[in-house]
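# An overview of the molecular structure
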Amino acid sequence: MALKGNLRDFSTTQLLNLVNLARKTGTLTIKDSEVPSRLSFREGKLIFATADAAGHESGLLVSILQRTGKLSAERASAIRQGAGKLGDKQLGLMLINAGVVSQDDIMQSVRQHVLDITYGLFDRSEGLFRFDANILPPPECITVSIDLEGVIMDGSRRIKQHEQLEGELPSLDRALKFADRSNVRLRKLNLTEEEWRVISLVNPRNTIRQIGKANNLSDFQIRRIVYGLLQAGLVEMTWPEGIAPPRPRRGVPVGEPAAPPAPAVKRHVIVRLIDRIRRIQ
Amino acid sequence: MQTVKMVVTGPFSAGKTEFIRAVSEIDVVQTERKITSAAEQVKETTTVAMDFGRITVDEDLVLYLFGTPGQRRFDFMWEILSEGMLGYIVLVDSARPETFLEARRILETFSTYATTPYVVAANKQDHPDAWEPEDLRIALRVDSNVKLLPCVAKDKEYVKAVLLELLYRILDDIDKAEGQA
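Residues numbered from 1 in each chain as written. Chains lettered and ligands numbered in written order. Predicted model: local features only at pLDDT ≥ 70, side-chain atom pairs only at ≥ 80, totals over all residues. Heavy atoms only, no water.

### Regarding the packing of helix 9 (residues 193-200) of chain A against helix 11 (residues 219-231) of chain A
Residues and elements named next belong to chain A. With their axes 11 Å apart at the nearest point, helix 9 and helix 11 run at an angle of 75° to one another. Relative to helix 11, the element helix 9 is oriented roughly perpendicular. Side by side, helix 9 and helix 11 meet where Glu-194, Glu-195, Val-198 and Ile-199 of the first sit next to Gln-221, Ile-222, Ile-225 and Leu-229 of the second. Tallied by class, residues from the contact of helix 9 with helix 11 come to five nonpolar, one polar and two charged. (Axes fitted to C-alpha atoms, helices over the stretch in contact; angles between N-to-C directions. Helix = DSSP H or I, 4+ residues; strand = E, 2+ residues; numbered from the N terminus. Parallel < 35°, antiparallel > 145°, perpendicular 65-115°, else oblique. Contact = heavy atoms within 4.5 Å. Nonpolar A, V, L, I, M, F, W, Y, C, P; charged D, E, K, R; others polar.)

Dropping the structure here:
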């Protein structure tokens, strides 16, 4: 089954959240111009990215090293001429052995290249996407392994439109709780002081609005932080403890009356309904 | 004669009318109108008030199925239709990501009916562009303890499976409540 749509309806942040939580392996292609961007993932981790017509073709390494300043233009040109059809892994090994760059230079540069392409996608509000499961870069490509939680948090920090956040997080009167294993994931993240202060108040007793107020954050600021934490799968929404969920009524402010209980139906009524539906021909 | 009701809700064009039609013993009472808005022209007509279907259990018990209107301007009907329901089904078009935000809004609104059991049905699973149910769970932020089932509303067996799952959930709640009493 395809996983496809338009960024207008399902944003880059949401796509990365999906890949992360579902621990997907495959390649996400986003096309909003002639040149598609491709992000590859293995078990929910970002491993490779390209943003050129050649896609996953090898031969990127020299360009990447040149862009990150590890190779001068002249040297890059000379290497390109001499490398012929060598794959990136072979070429990388050759450059390390020749003392041109270190292994660390290569890995850092590839990582930076992958992140640059990914962060560039956060600004896009339009573009067709498609996720192809189990399609990965060819073996000669140099891949990295980047946890998506940090990428998602970084991407969320770049959101500038209040409307987008309001659509995603319409009510500040909900509370937050930690998601499963969020303590393990939190340790690996590079969070800002503001984000840590918000996290310290995550508790089903506190509404998002209260957390924002306690930290002197505007509605936009608290929404942006909470949106990032939600998309990174660190927290989940819940109803504030001890408060019945509000029942929206036309013309009545949210938060007034609690919902009436479901009608008292006897067990045997449900059993008869089950039996009847099973017998529908 | 005892009558009980379930509500079928979901975004515009999720397949609510088709879902009810699949199992109703009467022709579904529809209040459909031709669509005039260009943005909503993925089908020719839409439900503007409600759909209504019936399943007779025996001479003492009847189940009514109510479908909510899909368009936002008829939101006020939700509360009226939801009054006294046994449970509800949130139907989502798995092949139209442009409706996911609306589906989340509906889930959020209906979840305020705190004690009412519900299931989510990932409809149009026979469509080549359908998202898998577990991907939809993440996209719609459906809690892991809420049943999210694959569905093809034009196929009676899928519809039966969704209704049964909701009834099992209701039964489970009754058993828990009786256990606590």
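### A look at the interface of chain B and chain A
Each side of the interface is counted separately: chain B has 50 residues, and chain A has 46 residues. Summing the contributions of chain B and of chain A, the shared interface buries around 4400 Å²; its carbon and sulfur component is 61%. Put simply, chain B and chain A have six salt bridges between them. Inspection of the chain B/chain A interface yields eleven residue pairs in polar contact (both at pLDDT 80 or more). Where the side of chain B that touches chain A is concerned, the elements lending two or more residues are strand 1 (2-9), strand 4 (51-58), strand 5 (61-67), helix 2 (76-82), helix 3 (100-110), helix 4 (133-139) and helix 5 (156-180) of chain B. With eleven residues, the single largest contributor to the side of chain B that touches chain A is helix 5 of chain B. (Buried area = accessible area lost by both parts, 1.4 Å probe. Salt bridge = Lys/Arg side-chain N within 4 Å of Asp/Glu carboxyl O. Polar contact = N/O pair within 3.5 Å; in protein donor to acceptor, adjacent residues only side chain to side chain.)

### So, the environment of Asp-175 of chain B
Relative to the helices and strands, Asp-175 of chain B is located in helix 5. A polar contact is formed between the side chain of Asp-175 of chain B and the side chain of Arg-267 of chain A, at a distance of 2.7 Å.

### Some details on the environment of Val-144 of chain A
Residues and elements named next belong to chain A. Looking at the element boundaries, Val-144 is found in the loop between strand 5 (128-133) and helix 6 (148-157). Its relative accessible area of 9% is what places Val-144 among the buried residues. Here the alpha-carbon distance between Val-144 and Leu-46, two residues 98 residues apart in the chain, equals 7.4 Å. Beyond its immediate sequence surroundings of up to four residues, Val-144 is in contact with Leu-46, Ile-47, Met-107, Val-110, Arg-111 and Val-114. (Buried < 20%, exposed > 50% of the residue type's maximum accessible area, 1.4 Å probe, protein only.)

### Quick word on the sheet that holds strand 6 (residues 87-93) of chain B
The sheet built from six strands is open, its strands ordered 4-5-1-6-7-8 (chain B) with mixed pairing. Across the chains shown, the open sheet's two edge strands, defined by having one partner strand only, are strand 4 and strand 8 (148-150) of chain B. Here the average twist between neighbouring strands, direction ignored, is 25°. Where helix 12 (residues 267-278) of chain A meets the sheet, its contacts fall on strand 1, strand 4 and strand 5 of chain B, and the angle it forms with strand 4 of chain B comes to roughly 100°. (Pairing = 2+ DSSP bridges.)

### So, the nonpolar core
Of all hydrophobic cores here, the largest spans 92 residues; its most connected members are Leu-39 and Phe-41 of chain A together with Val-120 and Trp-131 of chain B. Here this core spans two domains, and each of domain 1 (3-146) and domain 2 (161-238) of chain A adds at least three residues to it. Filtering out sequence-adjacent residues up to four positions away, Val-120 of chain B remains in contact with Val-90, Val-92, Leu-107, Val-142, Val-146, Lys-147, Leu-148 and Leu-149 of chain B. Counting 38 residues, the second-largest nonpolar core is a separate cluster that includes Leu-149, Val-162, Leu-167 and Ile-170 of chain B. (Core = buried A, V, L, I, M, F, W, Y, C linked by side-chain atoms within 4.5 Å. Domains from an automatic or database assignment.)

### Remarks on the sheet that holds strand 4 (residues 45-50) of chain A
Residue and element names in this part refer to chain A. An order of 1-5-2-3-4 is seen for the five strands of this open sheet, with the pairing classed as antiparallel. Only two strands of the sheet have a single partner each, and these edge strands are strand 1 (3-6) and strand 4. Here the strands of the sheet are splayed against their neighbours by 15° on average, with no regard to which way each runs.

### Some details on the pairing of strand 7 (residues 118-123) of chain B
Among the six residues of strand 7 of chain B, six are classified as buried, and the element is accordingly described as predominantly covered. What you see with strand 7 of chain B is no split at all: Tyr-118, Val-120 and Ala-122 of chain B on one side and Val-119, Ala-121 and Asn-123 of chain B on the other are buried throughout.

### As for the pattern of salt bridges
Scanning the entire structure with this criterion turns up 28 salt bridges over all chains. The residue Arg-23 of chain A makes a salt bridge to Glu-43 of chain A at a minimum N-O spacing of 3.5 Å. With Arg-23 of chain A in the loop between helix 1 (12-21) and strand 2 (26-31) and Glu-43 of chain A in the loop between strand 3 (37-42) and strand 4, this pair connects stretches of sequence that are 20 residues apart. Glu-102 of chain B serves as the salt-bridge partner of Arg-105 of chain B, at 3.0 Å between the closest nitrogen and oxygen. Taken together, the residues span about one helical turn, with Arg-105 of chain B and Glu-102 of chain B both in helix 3 at a distance of three residues. Judged by relative accessible area, which is 21%, Arg-105 of chain B ranks as partly exposed. The exposure class of Glu-102 of chain B is buried, given its relative accessible area of 16%.

### So, unusual backbone geometry
Residues and elements named next belong to chain B. One non-glycine residue with positive phi stands out, namely Ser-13, at about 65°. When its relative accessible area of 9% is taken as the criterion, Ser-13 is described as buried. Here the phi dihedral of Lys-124 falls at roughly 65°; this positive angle occurs in a residue that is not glycine. Residue position: Lys-124 is located in the loop between strand 7 and helix 4. Taking relative accessible area as the criterion, Lys-124 reaches 22% and is therefore assigned partly exposed.

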